[in-house]
Number of protein chains: 2
Amino acid sequence: MNSFQETLIEHHAQVLTVDAVLHRGRTAYQDVLIFENRLFGKVLVLDGVIQVTERDNHIYHEMIAHVPLMAHGSAERVLVIGGGDGGTLREVLRHPVAEVVLVEIDREVIELSRRLLPEVSDGAFSDPRVMVVVGDGSRYAGEAGTSFDVIIIDSTDPSGPGEQLFSPEFYRRCRDLLRPGGILVLQSGTAFYQPGQLDDIRCRLAASFTAVRPFMAPVPTYAGGMLALVAAAPSRRTLQPAMTALRTRFQAIQGQTRYYTPDVHHAAFAMAPIFCSAPRPADRTSIAARPALAS
Amino acid sequence: MNSFQETLIEHHAQVLTVDAVLHRGRTAYQDVLIFENRLFGKVLVLDGVIQVTERDNHIYHEMIAHVPLMAHGSAERVLVIGGGDGGTLREVLRHPVAEVVLVEIDREVIELSRRLLPEVSDGAFSDPRVMVVVGDGSRYAGEAGTSFDVIIIDSTDPSGPGEQLFSPEFYRRCRDLLRPGGILVLQSGTAFYQPGQLDDIRCRLAASFTAVRPFMAPVPTYAGGMLALVAAAPSRRTLQPAMTALRTRFQAIQGQTRYYTPDVHHAAFAMAPIFCSAPRPADRTSIAARPALAS
């Protein structure tokens, strides 16, 4: 294997040279490929789509973790659904949280990541504040006997094992798990190539959440380079606190981030017209069934 | 030719399917390829590097034109160096400017773009406010007998015919061409893959300009998805006017942009730590001679 070609989007692909294949196989849920690339370091691929690289994963993981945690300001209990590579966990643990529950459906992704990509979790799985649940995130959300200040849905795209993590029912369950003042955040595809996906997710969230705000993270190895995320809260609360508040809170993690800053937090919410659509009815068919490029 | 593979960056490439080749040849200065891709529409490639696509060029052209023009607020005379495809011209002309001079070294790029990519210039070359000079931009800057409110360097990367447009001497000439309150803006490579290039350009500009501020534009077909641009002014002036001023000025072009808004203008200047470096000495060797990934 001399090169890996990702074909998430039709008519466009990215190709990475492969210096060494570290793992290639199929788990109970998905195909896993882990390889070395001279530019990006180790690369984790699930079902043919790049999930994490050593060199640029901090952009994604910092934004999906610090935006809700900094917006909240005093989160004690955090739930991460998905995120078996441990990168989101790593960033969450920079905050003075009391407990983080990580629910990952695929035990092998956790094991392979800890063994072959230890740089990504950076010891996070050994932190005494972390509890790992191997299981179905949607089911966990329906049965959990506890509540959380922040819920982070660090899923794959809405096809394969990640699909159920994009349903209105799952979002409702997440809302019911949030403590007062709680915040949900999730990844919602590449903004440029999958604008319909972002629209759909916003609609589905709007059925259960009062505040729904998309924001952006430029991740070079995600097709199109611009990942869309969405923050949501059941109550009218600000997902962009005043800069003075953010700067005060930032002191706790300053120097530990390479992408996130309070300025970047605010800037990430500035939406260009091409990424905005009027809300549409929520009664839609499966997102996964729709072509990547609906426009 | 079934597909086009761009290899601007080592160990990573993007591949676009080719539905039809519209032109393939060599001008006096560079290789030109124009093809159709089902996702991006028509694609213009110079010396193997994607310059413009029908579908995403507005992000680049809006940001390189509207950021300096909106920051200036009352520009009458604009100089565009490079930009033979006409996309920057198209955006500049949305403003009530009196004259725009476009200096492009490669006549064939203008002719091919007008003939095969008319969607990009959208009639801009026929606007009576436009004067086209076919010639060397650096030489023009040294000999022009007139001055400008805004200068836009819409160049290729610093190898091939674009190289001289990255020299400290050229930047000094541009400064001397600016009217009081004038602003220079230029593209400076992909922020993630070519961080050394952005650093170098900032250093070189700092020798002639008091205010030097990088900003970002997420362009899917530019490798890494995040293009760095730099705005510079000889005097201490704000390149990010207050939002109220920007909103007032924006009324003149509102509804004509798909990416640029006053919010996006401000957000584009928020720099993540990974894209910031301490200033380094300006006495450097050719940017073009350095490997794309210096880190």
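Everything quoted here is computed from the prediction, not taken from an experiment.

Each value, and the rule that gives it
Residues numbered from 1 in each chain as written. Chains lettered and ligands numbered in written order. Predicted model: local features only at pLDDT ≥ 70, side-chain atom pairs only at ≥ 80, totals over all residues. Helix = DSSP H or I, 4+ residues; strand = E, 2+ residues; numbered from the N terminus. Rg over C-alpha atoms; globule rule 2.2 N^0.38 Å. Buried ≥ 20, exposed ≤ 12 C-beta atoms within 10 Å, placed from the backbone. Contact = placed C-beta atoms within 7 Å. Nonpolar A, V, L, I, M, F, W, Y, C, P; charged D, E, K, R; others polar. Pairing = 2+ DSSP bridges. Least-squares fit on C-alpha atoms with pLDDT ≥ 70 in both. Axes fitted to C-alpha atoms, helices over the stretch in contact; angles between N-to-C directions. Core = buried A, V, L, I, M, F, W, Y, C linked by C-beta atoms within 7 Å. pLDDT = per-residue confidence, 0-100. Domains from an automatic or database assignment. Arc of directions from axis to C-beta.

Draft legend 1. Here's a closer look at the overall build of chain A. Tallying secondary structure elements over chain A gives 9 helices and 13 strands in all. Radius of gyration (C-alpha) of chain A: 18 Å, near the 19 Å computed for a compact globule of 295 residues. For chain A, the residues scored as buried account for 51% of the 295 residues in total. Taking as baseline every contact in chain A between residues at least 6 positions apart, the subset at least 24 positions apart corresponds to 68%.

Draft legend 2. Inspection of the interface of chain A and chain B at higher detail. Counting residues at the interface gives 31 residues for chain A, matched by 31 residues for chain B. Among the secondary structure elements, those contributing two or more residues to the side of chain A that touches chain B are strand E2 (12–17) and helix H9 (262–268) of chain A. Broken down by element, the residue count for the side of chain A that touches chain B peaks at 6 residues, all from E2(A). Partitioned by chemical class, the residues of the side of chain A that touches chain B number 17 nonpolar, 10 polar and 4 charged. The pairing of E2(A) with strand E2 (residues 12–17) of chain B spans 5 bridges and is antiparallel. Paired with Leu16(A) across the strands is His12(B), a residue of E2(B).

Draft legend 3. Inspection of the relation of the copies chain A and chain B at higher detail. Superposing chain A onto chain B takes a rotation of 180 degrees combined with a translation of 0.0 Å along the rotation axis, leaving an RMSD of 0.0 Å. On the angle and the small slide along the axis, the relation comes out as a two-fold axis. Of the residues that chain A buries at the interface, 100% are likewise interface residues in chain B, meaning the two copies contact each other through the same surface.

Draft legend 4. Local environment of the environment of Ile153(B). Residue and element names in this part refer to chain B. Positionally, Ile-153 belongs in strand E10 (residues 148–154). Spatially, the C-alpha atoms of Ile-153 and Ser-126 are 21 Å apart, while their sequence positions differ by 27 residues. Filtering out sequence-adjacent residues up to four positions away, Ile-153 remains in contact with Ile-81, Gly-82, Leu-165 and Leu-186.

Draft legend 5. Representation of the sheet that holds strand E5 (residues 41–46) of chain B. Residue and element names in this part refer to chain B. The antiparallel open sheet is built from 4 strands, whose spatial order is E3-E4-E5-E6. In this open sheet, the two edge strands, each paired with only one partner strand, are strand E3 (20–26) and strand E6 (49–53). Put simply, the sheet's adjacent strands are angled 20 degrees from each other on average, direction ignored. Across 6 bridges, the pairing between E3 and strand E4 (residues 31–37) is antiparallel. Bridge assignment links Arg-24 to a residue of E4, and that residue is Leu-33. Here helix H3 (residues 107–116) sits on the sheet in contact with E3, E4 and E5, set at roughly 15 degrees to E4.

Draft legend 6. Structural view of the nonpolar core. Met63(A), Ile151(A), Val185(A), Leu229(A), Met63(B), Val185(B) and Leu229(B) are the most contacted members of the largest nonpolar core, which totals 139 residues. Not counting the four nearest positions on each side in its chain, Ile151(A) is found in contact with Leu79(A), Cys174(A), Leu177(A), Leu178(A) and Leu184(A).

Draft legend 7. Representation of the environment of Tyr140(B). All names here are of chain B. Along the chain, Tyr-140 falls in helix H5 (residues 137–143). For Tyr-140 and Ile-9, which are 131 residues apart along the polypeptide, the C-alpha to C-alpha distance reads 31 Å. Leave out the neighbours within four places in its chain, and Tyr-140 touches Val-103, Val-133 and Gly-135.

Draft legend 8. Representation of the sheet that holds strand E4 (residues 31–37) of chain A within the structure. Residue and element names in this part refer to chain A. Pairing is antiparallel in the open sheet, where 4 strands are placed in the order E3-E4-E5-E6. Every other strand in the sheet has two partners, leaving strand E3 (20–26) and strand E6 (49–53) as the edge strands with one partner each. Taking the axes of each pair of neighbouring strands and ignoring which way they run, one obtains an average angle of 20 degrees across the sheet. Lying over the sheet, helix H3 (residues 107–116) contacts E3, E4 and strand E5 (41–46), oriented at roughly 15 degrees with respect to E4.

Draft legend 9. Inspection of unusual backbone geometry at higher detail. The phi dihedral of Asp122(A) falls on the positive side, at around 50 degrees, and the residue is not glycine. Here Asp122(A) lies in the loop between helix H4 (118–121) and strand E9 (130–134).

Draft legend 10. Representation of the confidence of the model for chain A. Residues and elements named next belong to chain A. On average, residues of chain A score 91 in pLDDT, and 94% of them reach the 70 mark or higher. Segment residues 278–295: pLDDT under 50, and 28 contacts once partners within four positions in sequence are set aside and those in other chains are kept. Prediction confidence for the complex, expressed as pTM and ipTM, is 0.91 and 0.88 respectively.

Draft legend 11. Inspection of the domain arrangement of chain A at higher detail. All names here are of chain A. Annotation of chain A at the domain level lists domain 1 (3–53) and domain 2 (57–275). Between domain 1 and domain 2, the C-alpha centre-to-centre distance is 23 Å. The interface is formed by 20 residues belonging to domain 1 together with 19 residues belonging to domain 2. Elements with a minimum of two residues in the side of domain 1 that touches domain 2: E3, E4, E5 and E6. At 5 residues, E6 tops the list of elements feeding residues into the side of domain 1 that touches domain 2.

Draft legend 12. Focus on H3(A). Residues and elements named next belong to chain A. Residues of H3 that are buried: Val-109, Leu-112 and Ser-113. Buried residues along H3 cover an arc of 100 degrees about the axis, so they all sit on one side. Each element contacted by the buried residues of H3 is listed here: E3, E4, E5, strand E8 (99–104) and H4.

Draft legend 13. Local environment of the pairing of E4(A). All names here are of chain A. Taken together, E3 and the strand that follows it, E4, pair antiparallel across an intervening segment of 4 residues. As judged from the 6 bridges shared by E4 and E5, these two strands associate in the antiparallel manner. Within E5, the residue paired with Phe-35 across the bridge is Val-43. What sits between the antiparallel neighbours E4 and E5 is a turn of 3 residues.

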